[in-house]
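Breakdown of the fold
Residue strings, one per chain:
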Amino acid sequence: MGVPTGRAGGGRLLRRIGAARRTPEPRPAYSRPALLAILVIAGVLFAWDIQHSAFHAFYSETARSMSESWHAFLFGSFDPGGSITIDKLPGFLWPQALSARIFGFHPWALTLPQVIEGVLSVAVLYRAVRRWAGENAALLAAAAFALTPAIAGLFRTEVEDPAFTLCVLLAGDATLRAARGARLRPLLAAGVWVGLSFQAKMLEAWAVLPALGLLYVLSAPTALRRRLAHLAAAGAVCVAVSASWVLLVTFTPAKDRPYIDGTTNNSAASQVVGYNFLNRFSSVSVSAKDTGSVAVSTMAGTAPAPPTGHSRPTAGQWVKMFAPSLVSQIGWLYPAAALAAVCGVVWRRGRPRTDPLRAGFVLWGVWLVTYFLVFSAGAVGGHTYYMGVVAVPLAALFGAGMVQFWRAWVRGGRARAWALPTVVVSTVAWSAVIAELFPTYLPWLAPAAAVLGAGGLGLLAWGRRGTRTRTRTRPASGPGSPAGPGSASRLGTASASGPDSGSGGDAGRRRTAVLGLVTALVAMLLPSAAWASSVLDPTYGHSGMGSTGPVAIRHRTAAHHPAAHRAPAADPSDGTTGRTDASTGHSPRHPDPSDGTAHEAARKTAHQTSGETSLSPAQRQLLAYTRAHQGGATYLFATTSWRVASPYILHAGAAVLPMGGFTGTAPSPTASGFRDLVATGQLRYVVLGGPATTPGRAIGPWVRAHCDRVPGQAYQLYRCTPESAAADRSGAERR
């Protein structure tokens, strides 16, 4: 196939593309009903019991603050008063804040945008794979994606990854569209989508760029110079959209915006590069020491993590994606995806450079390997919801791979027919290995998959002779041949055509082979689907970490462990306890290597779910008193930790000033800044107690020395006056 480089060649290319669009291959009759069924199943898994969704501590408070103030919405302020941001870019919370504005502040209103993002993700993956590998590959990919346990749990949470996963999927779809016709506009759109995914997940979004860029430079049907120019333009768009919020914050005076959490220098760039990127790779001796990032990455009130850059790499971290808590959520199709990626590239060798099917296997294979390495090197801990971006290439490779394996099987011969039984046996056996990690959970799962797999292989073997073509198969035509919509969409018919197709016996054998294929597919997807369906059980639903099955129970139990939340008896945050979940005996048989990053898991234990509870009587008394005596102060009162401020912001939308940010070490406010707030009348009351934070330790002694304790309160409430701050300032100046 030639590569058009001139004006005439470009015109021929456009005419061919236009002709392909005007005469699309008809869809099989089952296509639309099957897709609708997959989308309905996905919607049920994501939205089940949404009315009992629980608030996500730290994120939900931020969403409420953002829903009540456009200033807080723009900057992602944790508190309604706008003193400090969340420790992430706020893009993923914008849909949640808008939903709360429309429907009111309820847990289900914060979950609803993720449900919608999940159903859209399934639809976009279907569209992308259909454009690349045909109808049946797209249906299989969409089904595998929706039935992945991590996906079933992910789109029920309030975390960053639902929006991130949807945006990178849209970027992949746009790049596939651009590469097929060397079109700049969809490639620019891909840059926009990666930039928007950056607003949700920051630099993790850029890890998809090698896969997208390699797809375009390898397969776009135009000259290399033009391909590189297109990539440069799309890269510029990606960087511009990615950096938009950081630049907005950078050029906004500090006095007109909240302090940037996770930093010591109030810099959005430090938050993105140091705190949320380099800090995550301390296990491979990467240091964020000189980036302006805070020195720890754990939640205020928990044991601090080791300083970044002082950990030694271990062999265990490179197999963490095979650890029980992650492999049970994402890894059921590892063998199928790996075999599909290898065969998809090797079997297409010798094809023209622009071969779209091979290019797609390169895209999804590089995507999978890149994120596999990123998560292996970085701190993941128990964050199952990170795995959404891994589920995308796994599902795509599974769908397209199974179509290719089937085509090789029905053609006969030994060169490639081995792939289909191999993928069935390896995937079912691997499922049994994963199921054995949790032997008391669904003990029937491995035997059922084995029986179905054996039955499927038997039917395939019995029907194979009837599916062989006795003459040369008709060449496929149209985009993506031989696996484009014109060929791969007819999984069991087009590839089996031949002079014996009218024979009743051979037709029966072909039907037997197709039945065997369906049975084998059920065997391969059953274990994953069974785990995913656990979200329909209230025992396992709403994990907050995007996990399913017994892993969800384990994560919730760890989150509510007393050691992780030990606080003084006079902690004003005591009233925010969530629903108590019974523990379970479904613990893994083998140690979990990912537990080596326990400090990272502790970093987000505050992001676990808490029930929609009302304030305790003591908290209501404190709130009523400070509201009655607030006067013209900007803040109702200040607390030494966001955990103390949390219930008042979450349940009352109170303008409480927290100190120290998520980790408790951000210098917000500084000691002098705090005294200025008191001196200017913006702050009158301070509540001491709760988890210790760096600003709290610096400010607490001054409050006790210069402010009056308010009697009759269950908590340590102090009233500070501008006069006391002014007197302290004048005394300091005299000294």
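Thresholds, definitions, all that
Residues numbered from 1 in each chain as written. Predicted model: local features only at pLDDT ≥ 70, side-chain atom pairs only at ≥ 80, totals over all residues. Heavy atoms only, no water. Buried < 20%, exposed > 50% of the residue type's maximum accessible area, 1.4 Å probe, protein only. Helix = DSSP H or I, 4+ residues; strand = E, 2+ residues; numbered from the N terminus. Pairing = 2+ DSSP bridges. Axes fitted to C-alpha atoms, helices over the stretch in contact; angles between N-to-C directions. Parallel < 35°, antiparallel > 145°, perpendicular 65-115°, else oblique. Contact = heavy atoms within 4.5 Å. Nonpolar A, V, L, I, M, F, W, Y, C, P; charged D, E, K, R; others polar. Left-handed = near helix turned anticlockwise from the far one by under 90°.

This brings us to the pairing of strand 5 (residues 685–688). Residues Y685 and V687 point to one face of strand 5 and V686 and L688 to the other, with burial holding for every one of them. By the bridge criterion, two bridges tie strand 3 (residues 637–639) to strand 5 in an arrangement that is parallel. Of the residues in strand 5, the one forming a bridge with A638 is V686.

Of note, the bond from S668 into P669 is cis; its omega dihedral lies within 30 degrees of zero at -5 degrees. Looking at where P669 falls in the secondary structure, it is placed in the loop between strand 4 (656–657) and helix 26 (671–679). For D49, which is not glycine, the phi torsion reads 60 degrees and is therefore positive. Along the chain, the position of D49 falls in the loop between helix 2 (31–47) and strand 1 (55–56). D49 sits in the buried class, given a relative accessible area of 18%. Of note, A182 is a non-glycine position whose phi angle comes to about 55 degrees, a positive value. You can see A182 is positioned in the loop between helix 9 (161–181) and helix 10 (184–201).

Turning our eyes to something else, we now look at the packing of helix 24 (residues 617–628) against helix 25 (residues 642–652). Relative orientation of the contacting elements helix 24 and helix 25 amounts to 75 degrees, with a least axis distance of 11 Å. Classified by the angle between their axes, helix 24 and helix 25 sit roughly perpendicular to one another. For the pair helix 24 and helix 25, the contacting residues are Q619, L622, L623 and R627 in the first and P647, Y648 and A652 in the second. Considering only residue class, the contact of helix 24 with helix 25 consists of five nonpolar, one polar and one charged.

As a packed pair, helix 6 (residues 107–133) and helix 7 (residues 135–146) sit with axes 7 Å apart at the nearest point and diverge in direction by 150 degrees. Considering the angle they form, helix 6 stands roughly antiparallel to helix 7. The interaxial crossing formed by helix 6 with helix 7 has right-handed handedness. The segment helix 6 lies against helix 7, with S121, V122, L125, Y126, V129, R130 and A133 engaging E135, A137, A138, L139, A141, A142, F145 and A146. Tallied by class, residues from the contact of helix 6 with helix 7 come to 12 nonpolar, one polar and two charged.

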